[in-house]
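Observations on the three-dimensional arrangement
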Amino acid sequence: MEKFFKVNEHNSDMKKEVLAGITTFLTMAYIIAVNPSILSATGMDAGALVTATCLVAGLSTIFMGVYANLPFALASGMGLNAFFAYTVVLGMGEPWQVALAAVFVEGIIFIILSLTNVREAVVNSIPMNLKYAVTAGIGLFIAFLGFIGAGVVVNNDATLVGMGNLTAPTAIITFIGVIIITILYKKNVKGAILWGIVVSSLLAWGYALIAPEAAAYYNISLPTGIFKFESMAPIAGKLDFSYLTDSTKVWSFITVVFTFLFVDFFDTVGTLVGVASKANMLDKDGKLPGAGKALLVDAIATTAGAVAGVSTVTTYVESSAGVAQGGRTGLTAVTAGILFLVAMFFSPLFVAIPACATAPALIVVGFFMIENIAKVDFTDFTEGIPAFLTIALMPLTYSIGDGLTIGVIAYVVINLLVNLVSKEKKKISPVMVILGIVFIVKLVMTGIK
């Protein structure tokens, strides 16, 4: 094992690598509960989603370790699963089978980009401010979902949204969960988000034990067991490509594919560079050795994940927790991947975790993602206005795709017009212009749904 992963060459040892893998797993294990909670809103089977989430995360993370020899873990991406469920399926009214087909197509495109020099061209074409804005906007959107799941934010016919009942058990449990996660993070406890979910779930289940009828009203119920392996048959291999041959729906399909690709591609690149820089794994030119392999693993995992029945798979920034523990090689990833595979056999526990217990995780993850808003240059209006529109419209339209669409169009239109009246011309990437045209055509033909 040491010879295969070259542990000594990376100034590490077997014990450090294994402990780092356990740490990485603990920090991102919340996805096992959160992903089924989000995707099951589309009508997908929750038990099957637990198995698929664990299987895809486990195998793709092991693949990352063995093929790329990097200490990075993968799983269904936060934000991307919300886009899948709440924008594509519930918002646009598309069947989840079609959404899985879009994820599959996005993965194929990602594979092609990862195998060619087009990858660098695309990365360089998207303005950094817009990249930061997308991450921040998704953070707000995810937090919004958490507040809704907690009953903190509710529908209001007069004002569209309003404050819910903060004395309700769901709201109280959620706030306790957020406080616990915050304190644990302050104390540098590994797996803080996971522990927050565990404590919140225990509180919810305790409430169900004491007052089962009242708990049922809030969609809280006790687990039906502990050990069980759920079949993936209800969701695996259910991809529907019919929209590709339907002229009235193909534009919507293309937009969904591009949004998946955009967020996945740049989130992965940003995560790889960010985590690697913390571990001093970048070379003298600021590049990550093996980045091409890592991107290819990410792309293949997304494609395979769609076939298995889960939303876009991406490299997790929580991998930095394992890196901070000394993980430097693929052995860290292999360890984390094995733990994901073991978790497949505890589906009853994960299925019974209520929305108010996963809400703290969504709120805190949203907080982490919105940190990028500080990197946006709001002093330059040609950069700041498109970024602001992207950030604001993602939660306000309840659609990551619509926020991104308006942001790209605004960037292209504003900068082209400013170039016409300004002596100093800003260089606008042809890729951005093409994207802007595609999005405008999409809006004209289908409208924002």
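Structure: see above.
Below you will find a few notes about this structure. What you are looking at is a predicted structure, and each value in this text was computed from that prediction instead of being measured.

**Topic: the pairing of strand S2 (residues 153-156)**
Every other side chain in a regular strand lies on the same face of the sheet, so the side chains alternate between the two faces. Taken together, the 4 bridges between S2 and strand S3 (residues 160-163) define a ladder with antiparallel strand orientation. When the sheet's bridge partners are listed, Val 153 is paired in S3 with Met 163. With antiparallel pairing between neighbouring strands as the criterion, S2 and S3 make up a hairpin whose turn holds 3 residues.

**Brief notes about the pattern of salt bridges**
Across all of its chains, the model carries 3 salt bridges by this definition. For Asp 380, the salt bridge identified is with Lys 426, shortest N-O distance 3.6 Å. Taken as a pair, Asp 380 in the loop between helix H17 (355-370) and helix H18 (381-396) and Lys 426 in the loop between helix H19 (400-421) and helix H20 (430-446) lie far apart in primary sequence, 46 residues in all. Look at Asp 380 and you get partly exposed, because its relative accessible area is 27%. Of the residues examined, Lys 426 reaches a relative accessible area of 24% and is grouped as partly exposed. Between Lys 426 and Glu 383 there is a salt bridge whose closest N-O contact spans 3.0 Å. On the criterion of sequence distance, the pair formed by Lys 426 in the loop between H19 and H20 and Glu 383 in helix H18 is long-range, its members being 43 residues apart.

**Brief notes about helix H2 (residues 14-28)**
For H2, with 15 residues, the first-to-last C-alpha span of 22 Å sits near the 21 Å given by 1.5 Å per residue. Those residues of H2 that fall on the buried side of the exposure criterion are Glu 17, Ala 20, Gly 21, Thr 23, Thr 24, Phe 25, Thr 27 and Met 28. Residues of H2 that are buried in the fold lie against helix H3 (31-39), strand S1 (74-76), helix H14 (319-324) and helix H15 (330-343). Its side-chain oxygen 3.1 Å from the backbone nitrogen of Lys 15, Asp 13 forms the N-cap of H2.

**Notes on a nonpolar patch on the surface**
Nonpolar side chains collect at one region of the surface, where Val 413, Leu 417, Leu 420, Val 421, Ile 440 and Val 444 lie side by side and expose about 620 Å² of accessible area between them. Broken down by secondary-structure element, the contributors of at least two residues to the nonpolar patch are H19 and H20. Take the nonpolar patch: its biggest share by element is 4 residues, from H19. Here Leu 420 shows up in helix H19. By relative accessible area, which is 68% here, Leu 420 ends up exposed.

**With respect to the packing of helix H5 (residues 80-89) against helix H6 (residues 96-115)**
In contact at an axis separation of 10 Å, H5 and H6 are set at 130° when each is read in the N-to-C sense. As judged from the angle between their axes, H5 and H6 are oblique. With respect to the hand of their crossing, H5 and H6 are arranged in right-handed fashion. Here Phe 84, Val 88 and Val 89 of H5 come into contact with H6, specifically with Trp 96, Ala 99, Leu 100 and Val 103. Split into classes, the residues belonging to the contact of H5 with H6 amount to 7 nonpolar, no polar and no charged.

Parameters at a glance
- Residues numbered from 1 in each chain as written.
- Predicted model: local features only at pLDDT ≥ 70, side-chain atom pairs only at ≥ 80, totals over all residues.
- Heavy atoms only, no water.
- Pairing = 2+ DSSP bridges.
- Helix = DSSP H or I, 4+ residues; strand = E, 2+ residues; numbered from the N terminus.
- Salt bridge = Lys/Arg side-chain N within 4 Å of Asp/Glu carboxyl O.
- Buried < 20%, exposed > 50% of the residue type's maximum accessible area, 1.4 Å probe, protein only.
- Expected span 1.5 Å × (residues − 1).
- Contact = heavy atoms within 4.5 Å.
- Polar contact = N/O pair within 3.5 Å; in protein donor to acceptor, adjacent residues only side chain to side chain.
- Patch = residues over 30% accessible without salt bridge, like charges linked within 9 Å, V, L, I, M, F, W, Y side chains within 5 Å.
- Areas by Shrake-Rupley, 256 points an atom, 1.4 Å probe, with all protein chains shown as cover.
- Axes fitted to C-alpha atoms, helices over the stretch in contact; angles between N-to-C directions.
- Parallel < 35°, antiparallel > 145°, perpendicular 65-115°, else oblique.
- Left-handed = near helix turned anticlockwise from the far one by under 90°.
- Nonpolar A, V, L, I, M, F, W, Y, C, P; charged D, E, K, R; others polar.

In short, the description is geometric, and any link to function would need to be established separately.
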